[in-house]
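# A closer look at the structure
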Amino acid sequence: QVQLVESGGGLVQPGGSLRLSCAASGSAVSFYLMGWYRQAPGKERELVAQIIDGGSTNYLDSVKGRFTISRDNAKNLVFLQMNTLKPEDTAVYYCHARSYTFLEVWGQGTLVTVSS
């Protein structure tokens, strides 16, 4: 069974930075797409950033220029570098992956709080 485990969340002041990591374990699965979603209290889950196997990326408009997604295909890792964080970035961040056989996997989530 494939699992995704996130790390790197926490409390940061506005303008600060955090780097989220997500590691896949449990099976030798190649992921076509890996990405990050977030869900703030009282709001729906939204896509933050995605990266496909070839390296193409897609970002939520409000994080463009501040967040950068990257991946290590050999190790099934995906990262989200978050800079110039704002209070409105506060949310639980979820790692997501889709394999070439359309297997969908979600992480358990990691809390990011941006507050002074």
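These remarks concern the structure in this document. Just so we're clear, the structure is a prediction, and the values are computed from it rather than from any experiment.

Criteria and cut-off values
- Residues numbered from 1 in each chain as written.
- Predicted model: local features only at pLDDT ≥ 70, side-chain atom pairs only at ≥ 80, totals over all residues.
- Heavy atoms only, no water.
- Helix = DSSP H or I, 4+ residues; strand = E, 2+ residues; numbered from the N terminus.
- Rg over C-alpha atoms; globule rule 2.2 N^0.38 Å.
- Buried < 20%, exposed > 50% of the residue type's maximum accessible area, 1.4 Å probe, protein only.
- Areas by Shrake-Rupley, 256 points an atom, 1.4 Å probe, with all protein chains shown as cover.
- Lys, Arg positive; Asp, Glu negative; His and termini not counted.
- Charge placed at Lys NZ, Arg CZ, Asp CG, Glu CD.
- Pairing = 2+ DSSP bridges.
- Axes fitted to C-alpha atoms, helices over the stretch in contact; angles between N-to-C directions.

A tally of helices and strands in the protein yields zero helices and 11 strands. Each helix and strand of the protein, placed in order from N terminus to C terminus, yields the pattern β-β-β-β-β-β-β-β-β-β-β. Relative to the compact-globule value of 13 Å for 116 residues, the protein shows a C-alpha radius of gyration of 14 Å, a close match. Oriented by its inertia axes, the alpha-carbon framework of the protein measures out at about 40 × 25 × 25 Å. Counting over 116 residues, the protein shows a buried share of 43%. For the protein, the accessible area works out to roughly 6,100 Å², and carbon and sulfur atoms hold 50% of it. In the protein, which carries 10 positive and 9 negative side-chain charges, the distance between the mean positions of the two groups comes to 3 Å.

One open sheet accounts for four strands, arranged E1-E3-E8-E7; its pairing is antiparallel. Each of the sheet's edge strands pairs with one partner strand only, and the pair in question is strand E1 (3-7) and strand E7 (67-72). Neighbouring strand axes in the sheet, compared pairwise and without regard to direction, differ in orientation by 15 degrees on average.

Taken across its six residues, strand E8 (residues 77-82) has five buried, putting it largely inside the fold. As paired elements, strand E3 (residues 18-25) and E8 share six bridges and run antiparallel to each other. The partner of Leu20 across the bridge, within E8, is Leu80. Both E7 and E8 contribute to a ladder of six bridges, which runs antiparallel. Paired with Asp72 across the bridge in E8 is Leu77. Linkage of E7 to E8, two consecutive antiparallel strands, is achieved through a turn of four residues, within which Asn76 is found at a positive phi near 55 degrees.

Geometric descriptors of this kind do not, in isolation, establish any biological role.
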